[in-house]
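Fold and contact review
The primary structure of each chain is shown beneath.
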There are 4 protein chains.
Amino acid sequence: MTTPLDLHGVIPPVVTPLTPDRELDVPSFQRVLTRMLDAGVDGVFVLGSTSEVAFATDAVRRRVVTEAARVVAGRVPLLAGVVDMATERVLDHARVAADLGADGVVATAPFYAVTPREQVRRHFEVLGERSPVPVVAYDIPVCVHTKLDADDLVALGRDGAIVAVKDSSGDDVGFRRLALRNRDAGEPLRLFTGHEVVVDGAYLSGAHGVVPGLGNVDPAGYVRLHRALQGGDWATARDEQDRLARLMDIVLAPRRTGGWGAGVGAFKAALVLLGVIDSHQLPLPFEGLDDADVDAVKAVLTEVGLAA
Amino acid sequence: MTTPLDLHGVIPPVVTPLTPDRELDVPSFQRVLTRMLDAGVDGVFVLGSTSEVAFATDAVRRRVVTEAARVVAGRVPLLAGVVDMATERVLDHARVAADLGADGVVATAPFYAVTPREQVRRHFEVLGERSPVPVVAYDIPVCVHTKLDADDLVALGRDGAIVAVKDSSGDDVGFRRLALRNRDAGEPLRLFTGHEVVVDGAYLSGAHGVVPGLGNVDPAGYVRLHRALQGGDWATARDEQDRLARLMDIVLAPRRTGGWGAGVGAFKAALVLLGVIDSHQLPLPFEGLDDADVDAVKAVLTEVGLAA
Amino acid sequence: MTTPLDLHGVIPPVVTPLTPDRELDVPSFQRVLTRMLDAGVDGVFVLGSTSEVAFATDAVRRRVVTEAARVVAGRVPLLAGVVDMATERVLDHARVAADLGADGVVATAPFYAVTPREQVRRHFEVLGERSPVPVVAYDIPVCVHTKLDADDLVALGRDGAIVAVKDSSGDDVGFRRLALRNRDAGEPLRLFTGHEVVVDGAYLSGAHGVVPGLGNVDPAGYVRLHRALQGGDWATARDEQDRLARLMDIVLAPRRTGGWGAGVGAFKAALVLLGVIDSHQLPLPFEGLDDADVDAVKAVLTEVGLAA
Amino acid sequence: MTTPLDLHGVIPPVVTPLTPDRELDVPSFQRVLTRMLDAGVDGVFVLGSTSEVAFATDAVRRRVVTEAARVVAGRVPLLAGVVDMATERVLDHARVAADLGADGVVATAPFYAVTPREQVRRHFEVLGERSPVPVVAYDIPVCVHTKLDADDLVALGRDGAIVAVKDSSGDDVGFRRLALRNRDAGEPLRLFTGHEVVVDGAYLSGAHGVVPGLGNVDPAGYVRLHRALQGGDWATARDEQDRLARLMDIVLAPRRTGGWGAGVGAFKAALVLLGVIDSHQLPLPFEGLDDADVDAVKAVLTEVGLAA
């Protein structure tokens, strides 16, 4: 049995496949998970931003964790997003996720209500005290409009409130600083980058792993990338990273759907094209990509050799 | 029995009083509501931003609507906030609120996931189709980081998806435009400003009412203001508005608490000072104002003659 | 001879007409100015944002002030924008403008380099000390990405560093606060709104005048609006304001040009359609509106009765 | 004689030392430049953001280029910033800089007036046509509030309008994409990162060089870093980068001065402490760091071994 304290390596945020009428598509979900595990990922993260956590009802959230726990079966750590607006609501999700088998939970800063730095830190302190499983801090200002402070994160790590950081902040300068502060403090935190196309640079800065949305499409590529980086083979890593960066262009392919729907719509369309899931449906108020956008995604897959 | 289609006038967003250990303080809540009704408000709005909807668990949300429905007892429309990240989650709240007695629900644009204009419009269309009670669109970009489009709002009103707009966008230019568009379309929408200190200007632009957080502290003042504005007595209205604008300085008084906590902390502190509620406790991760900040709030109350 | 200390009423920011090959079109410029003066404006403001100050070379800036001073000939105050990135550069412009006949200069917060509040205040203090003519503070965060602080502005007014504020901040709540603070301090500042469609509300809040870009197109309308507001005839004012707000839709008409070019392009296109200037050319890197966009502007003019 | 077409390696943006009464301190400026050249830099960049270009009058700008050209004497390329609000003003600066000896000019997107993407591209096209020396595009959204588009930059490079990009956008994901696009187009552009603490990652992505403000303080460190990166010695590079990242903490040391003044104030204070320049004075409206902030800078220098 794995323990969530040993987070490292490739931990993709798993898409949540839907049927055309927007029910959870359990067989497709199982195939996505199994394909990741077969590729050698070091953990899985359900109910992240890519997993449409913001759209999923509480009922769907419960089923997702339940099914994931069944498929993963303790082979790797199972992280569950507990994304909600403030502390008590997040804790309600954390208790449910832990009950259903999550080994750790991933929480953002509070959002909706404007929350100063001091209260953001307090939020994670309380989560650390009351969550039944370890907490990963999720730094994603594009969604929550708050950047987590590096000194606060390291202090939270030292105090045991959080065990890791998933950095999707788009701030590589801040990530370097966080990594140095973490090292000076004895590495209380495991650091993960969420940026699919600059994983090599993040490892130079001190990342221990990566949480790549694109890992839904090419989990084996990220496993290879991680192993090259761990082995200090920077030239190989850079080439693999360049290839994955080209593949990431699928998220730029959609012309008709923008915002969140373009990225996850492209991931799902690619998974349909690769035969992994049955439908690229998106949750309301989005729609799955139209045919032209699917063709654009396919063109990118073909260009990088993932489709005929 | 009122119907939610007749929204107009003063509809304060009601604070949610807590005990020092952060339980819902029902007797205090009843006193706040009763005082508003006695002052002659035209509706009440529970679970708004001021009402700490972002912080309240689903269990607390249910109790708030239940208690409000009991106190209001159909005398004025009861609106309930159904603030959540995306369409399905919002609908789950709407069904609960309607079951518990809300006459209408107040919904924002989706947040957390970046959502383009087209999908924001679709969000409200679906809410209009599926919500069991009428929907008010809540335009609050400071919280959700999306500004609602005036043309879309009027179209949604014409199609019956929404019945009113609560504008807390801080965009008076856009509000004038919305009011003109709405008039040209035959006034399908009732328009409310959420900005406590420029209600007079908003009525010149075409507002039908106001949703003032400060109406927790001085509901009678807002009722007087509304009546003067309705009667075309602009000079009286301006003076009342200037007085209320000075009172609104309580939200600038706190030095130790910032962001959301400064404003609602000040409202609650004022209500304690006025003897209406028992505690100015705030939900996690905030704390109620400290003594110095309470004194600063008191100084403003004294200056405008609301406290000795 | 007027003195810049008596700023009030309608002070339009004057467009800078160009020939098709982007030279200053002096005869057109003179016609715009003369038409404003004939309409009864209370001042003119050259080299504002609408006047394409950001695009004009120093040579063009000099010619604009020179020509304006010749046309105005002391009949009303002549204000000149001295928009530049920091204090010393602004002062260089102020000395030139004063030499060439400006009665006052209009300066923004520093921009380009991130400048904290304390240094913004110091900037205006130094301008007040060293500018040869009085300084008007120009609050335009959409351009300079800093909002001027109300308390600082009143303090600067009390100390004599600035004599007036042109508020284009889009923050009507802040404007009300500024007006109250200014009144409490004995009205050291004259307050102007730059928002064409909410002038009535701004006067309720305490504005002494308006700096309307749309005053290039309909100066007489703004003079009527100002007089109705001064006379306390709010109903007449509101109707005139509603008419001008509809006219302002010309800035939304362009489909092919966006950003700054849409607004000023529409003003210039309207002035060509009204026979006041010869060309709607815009400075590099913009182009004047294309034919379809000009037609869209014309349709709005027709709708409000300004064109056949 | 070098040609600006051969831009690569370490090209620091040179601080502009002032006397305590804010005159250009020519001897100190010469010492900064000479120390950089002795350290082996591959070019120098005067009148960048770090060089206080936003604050410098036109007279000071001329003297800076003149003095730099004299010191550099053709040994390495001399780049000059031509930062101004729009195309014609930028071209005025470019002509002066070229006359005075600059080998290339560095221009940002237009700022102050909101400028859509199409006009930003046109801006650089016109600069490319009319500037007497080659143009480097400077991507610095924190100052100009526009992000340059990767596809547009590569197209501008292919068309010969620009020869290089200095990326200070803080967007490492976008930089990777730019580098891949540039490679696919046959490398028309030389790519430079302006982010001092993630140079190693930027080179993995495809940077040809670095423009480090911190290179004022430790030019030799950046030369070592560049050489290690060029030689593929990633482990050595990472260690040097980590050391420089720690040194960069000097910009976080100031407590009393914020914004632009904190960073450049720290660079200048360090240069005084290292005996390179005479005064850490800053341009109006800033003041040089106070004693406590200088001590904080000194503590960082000591920690990384640059001061006793």
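No experiment lies behind these values; they were computed from the predicted model shown. (Residues numbered from 1 in each chain as written. Chains lettered and ligands numbered in written order. Predicted model: local features only at pLDDT ≥ 70, side-chain atom pairs only at ≥ 80, totals over all residues. Heavy atoms only, no water.)

Looking at the UniProt feature "binding site: pyruvate" (unreviewed entry) in chain A
All names here are of chain A.
- Feature annotation in UniProt places "binding site: pyruvate" (unreviewed entry) on Thr-50 and Val-211, given in this structure's numbering. These annotated residues cover 162 residues of sequence, but their C-alpha atoms sit close together, with the largest distance between any two at 10.4 Å.
- Tracing the sequence through the fold places Thr-50 in the loop between β2 (44-46) and α2 (58-72).
- With relative accessibility at 14%, the residue Thr-50 sits in the buried group.
- With near-sequence residues (within four places) excluded, Thr-50 lies in contact with Pro-13, Val-15, Gly-213, Asn-216, Trp-260, Val-264 and Phe-267.
- Mapped onto the elements, Val-211 comes out in the loop between β8 (209-210) and α9 (219-230). (UniProt positions renumbered as here; feature names shortened; annotations may be inferred. Helix = DSSP H or I, 4+ residues; strand = E, 2+ residues; numbered from the N terminus. Buried < 20%, exposed > 50% of the residue type's maximum accessible area, 1.4 Å probe, protein only. Contact = heavy atoms within 4.5 Å.)

Some details on the interface of chain B and chain A
- Counting residues at the interface gives 42 residues for chain B and 42 residues for chain A.
- For the pair chain B and chain A, the summed buried area comes to about 3,600 Å², and 65% of that belongs to carbon and sulfur atoms.
- Along the contact surface separating chain B from chain A lie 4 salt bridges.
- Arg-89 of chain B is the partner of Asp-58 of chain A in a salt bridge, and the nearest nitrogen-oxygen pair spans 2.8 Å.
- Put simply, chain B and chain A have 11 residue pairs in polar contact (both at pLDDT 80 or more) between them.
- Taken together, the residues of the side of chain B that touches chain A break down into 23 nonpolar, 11 polar and 8 charged. (Buried area = accessible area lost by both parts, 1.4 Å probe. Salt bridge = Lys/Arg side-chain N within 4 Å of Asp/Glu carboxyl O. Polar contact = N/O pair within 3.5 Å; in protein donor to acceptor, adjacent residues only side chain to side chain. Nonpolar A, V, L, I, M, F, W, Y, C, P; charged D, E, K, R; others polar.)

Brief notes about the nonpolar core
- If you look at the biggest cluster of nonpolar residues, it comprises 477 residues, and the most contacted ones within it are Ile-250 of chain A, Ile-250 of chain B, Ile-250 of chain C together with Ile-250 of chain D.
- Excluding residues within four positions of it along the chain, Ile-250 of chain C makes contact with Leu-214, Val-217, Ala-266, Phe-267, Ala-270, Val-297, Val-300 and Leu-301 of chain C. (Core = buried A, V, L, I, M, F, W, Y, C linked by side-chain atoms within 4.5 Å.)

What to know about the arrangement of the chains
- In this assembly chain A lies apart from chain C, the nearest approach of their C-alpha atoms being 18 Å.
- Taking C-alpha atoms only, the smallest gap left between chain B and chain D, which are not in contact, amounts to 18 Å.

Some remarks on the UniProt feature "active site" (unreviewed entry) in chain A
- The feature "active site" (unreviewed entry), as annotated in UniProt, sits at Tyr-138 and Lys-166 of chain A in this numbering. Of the residues just listed, which span 29 residues, no C-alpha pair is farther apart than 4.8 Å, and they cluster in one region.
- If we skip the residues at most four places from it in the chain, Tyr-138 of chain A touches Phe-45, Ser-49, Val-106, Ala-107, Thr-108, Ala-109, Leu-148, Lys-166 and Ser-168 of chain A together with Tyr-112 of chain B.
- There is a polar contact of 2.8 Å between the side chain of Tyr-138 of chain A and the side chain of Ser-49 of chain A.

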